[in-house]
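Results of the structural survey
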Amino acid sequence: MHEMALALNVIDIAAEAARAHAAARVLRVRLRIGALAAVEPEALRFCFAAAARGTPVEDAALEIARTDGRAWCAGCGRTVVIGSRAAPCPECGAAQLLVTGGEDLAVQDLEVA
Amino acid sequence: MCATCGCGDAPDAHDDEHEHSHVLPDGTVLRHRHAHESGPSRLIAVERDILAKNDHIAAYNRGFLAARGTLCLNLVASPGAGKTTLLERTLADLRGEVPLAVIEGDQQTDLDAARIRATGVPAVQVNTGKGCHLDAAMVRRALARLDPPERGVLLIENVGNLVCPAGFDLGEAAKVVLASVTEGEDKPLKYPDMFAASTVMLVSKADLLPHLDFDVTALVANARRVNPGIEVFVLSARTGEGMAAWYGWLRARLAQAAEPVV
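Residues numbered from 1 in each chain as written. Chains lettered and ligands numbered in written order. Predicted model: local features only at pLDDT ≥ 70, side-chain atom pairs only at ≥ 80, totals over all residues.

**Section: the confidence of the model for chain B**
Residues and elements named next belong to chain B.
- On average, chain B scores 89 in pLDDT, and the residues at 70 or more come to 87%.
- Long-range and interchain partners of residues 1–6, a stretch whose pLDDT sits below 50, account for 12 contacts in this model, where long-range means more than four residues apart.
- Here residues 8–16 is modelled with pLDDT under 50, and outside its nearest four sequence neighbours on either side it reaches 8 contacts, counting other chains as well.
- Scoring of the predicted complex yields 0.85 for pTM and 0.90 for ipTM. (pLDDT = per-residue confidence, 0-100. Contact = placed C-beta atoms within 7 Å.)

Now the structure itself:
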């Protein structure tokens, strides 16, 4: 359950940005999480709601924008979309893929009041 | 109450915005329009990595270790794969040759640090409580207590867990993942992130192979499927079989780490 550690980091980052912009309350937090970032969005939502209590981030909506897992296939030379690191190339079936994207784990922006 | 002007209207009394008036003490009447609710919201661009704080501390640890020429390895595996036994054997065999130190991570107890200290090597135990992984800040505190040797090897035994430690950089030179032959050949496919993050895979408990139907070739093929460049050593800490190749890799990496930084 490293989602709790991630949730605490998200809350820290959001509260710090809100403070820096003299905002009293965070209404919405938008994250960007790649398909290969090893994060379970539902577990992250649960931890976020629980850990935000008593902070300026309490009751903020959590929006999670997902990005596709991308890899370069050594078999066919194409850049393909994959759902897991263990997945074979969807084009040619080769197993040797080099991950090139979809590992994002970022706080994109906030809506504050 | 409206948070914008303090009037008594309920925020939900109006759909969007409305006009109303205030009478000042001197009789002046002010009319204005505004939206109810708690005032206009603003969008703040943040664009910050969620693990930025951990990565920052990990970079500090990495610099601290580089300045000492210390090779730091992060040992990861599921519980029971043989991390502590591998450590004990490695420490016993290299003790006279290389300065060594260990950071032991577990949720509870200092049993593992006690096992390590019994070999004569300094060890610090880090208890994560309910935490499922070590993070860079825990290692930074442990480094301050441990004072790791210059031009030596610091081995960090992470919490037994094939999931969470994959995402947390501790400042190590490399992650070394153990997969024992009493587990399944499909471990790298079930836990691809850990095998993708590791530089080396040690296939442990190889002395048990004659008693099992375990297919080492299939395990290695699965590991290379998620990490084509992963280096593999098949070994047994109990019999010593295959340990020499692992020590060879360690010595080569230590020689790189101990080169003076110009």
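**A look at the interface of chain B and chain A**
- On the chain A side, the residues contacting the 27 residues of chain B number 26 residues.
- Elements with a minimum of two residues in the side of chain B that touches chain A: β3 (42–49), α6 (192–197) and α7 (216–226) of chain B.
- For the side of chain B that touches chain A, the element with the most residues is β3(B), which contributes 8 residues.
- Class assignment of the residues belonging to the side of chain B that touches chain A gives a composition of 14 nonpolar, 5 polar and 8 charged.
- Here 6 bridges tie strand β6 (residues 105–112) of chain A to β3(B), and the two strands are oriented antiparallel to one another. By the bridge assignment, A106(A) is partnered in β3(B) with D49(B). (Helix = DSSP H or I, 4+ residues; strand = E, 2+ residues; numbered from the N terminus. Nonpolar A, V, L, I, M, F, W, Y, C, P; charged D, E, K, R; others polar. Pairing = 2+ DSSP bridges.)

**Notes on the pairing of strand β8 (residues 174–180) of chain B**
Residues and elements named next belong to chain B.
- The buried fraction of β8 amounts to 6 of the 7 residues, a majority that puts the element mostly inside the structure.
- Direction of pairing for strand β4 (residues 71–76) relative to β8: parallel, over a ladder of 4 bridges. Bridged to L75 within β8 is V176.
- In terms of strand pairing, β8 meets strand β9 (residues 200–204) through 5 bridges, oriented parallel. Residue pairing in the sheet places A179 in a bridge with V203 of β9. (Buried ≥ 20, exposed ≤ 12 C-beta atoms within 10 Å, placed from the backbone.)

**A short note on the packing of helix α1 (residues 3–20) of chain A against helix α2 (residues 41–51) of chain A**
All names here are of chain A.
- Put simply, α1 and α2 touch, their axes get as near as 8 Å, and they point 55° apart. Between α1 and α2, the interaxial angle falls into the category oblique. α2 is crossed by α1, and the crossing has right-handed handedness. Of α2, the residues touching α1 (which contributes E3, M4, L6, A7, L8, V10 and I11) are A43, L44, C47, F48 and A51.
- Taken together, the residues of the contact of α1 with α2 break down into 11 nonpolar, no polar and 1 charged. (Axes fitted to C-alpha atoms, helices over the stretch in contact; angles between N-to-C directions. Parallel < 35°, antiparallel > 145°, perpendicular 65-115°, else oblique. Left-handed = near helix turned anticlockwise from the far one by under 90°.)

**Considerations on the environment of D104(A)**
Residue and element names in this part refer to chain A.
- Counting through the fold element by element, D104 comes out in the loop between β5 (97–101) and β6.
- Sequence separation between D104 and R66 is 38 residues; the distance between their C-alpha atoms is 8.7 Å.
- Excluding anything up to four places from it in sequence, D104 contacts R32, I33, G34, A37 and T67.

**Things to note about the sheet that holds β6(A)**
- With respect to topology, 4 strands assemble into an open sheet ordered β2(A)-β1(A)-β6(A)-β3(B), the strand pairing being mixed. Whereas interior strands pair on both sides, the edge strands pair on one side only; in this sheet they are β2 (61–67) of chain A together with β3 of chain B. Averaged over all pairs of adjacent strands, the angle between their axes in this sheet comes to 20°, without regard to strand direction.
- Bridge count between strand β1 (residues 26–34) of chain A and β2(A): 7 bridges; the pairing is parallel. Each residue of the ladder has a partner; that of R30(A), found in β2(A), is E63(A).
- Each of β1 and β6 of chain A together with β3 of chain B touches α1(A); the most contacted strand, β6(A), lies at about 40° to it.

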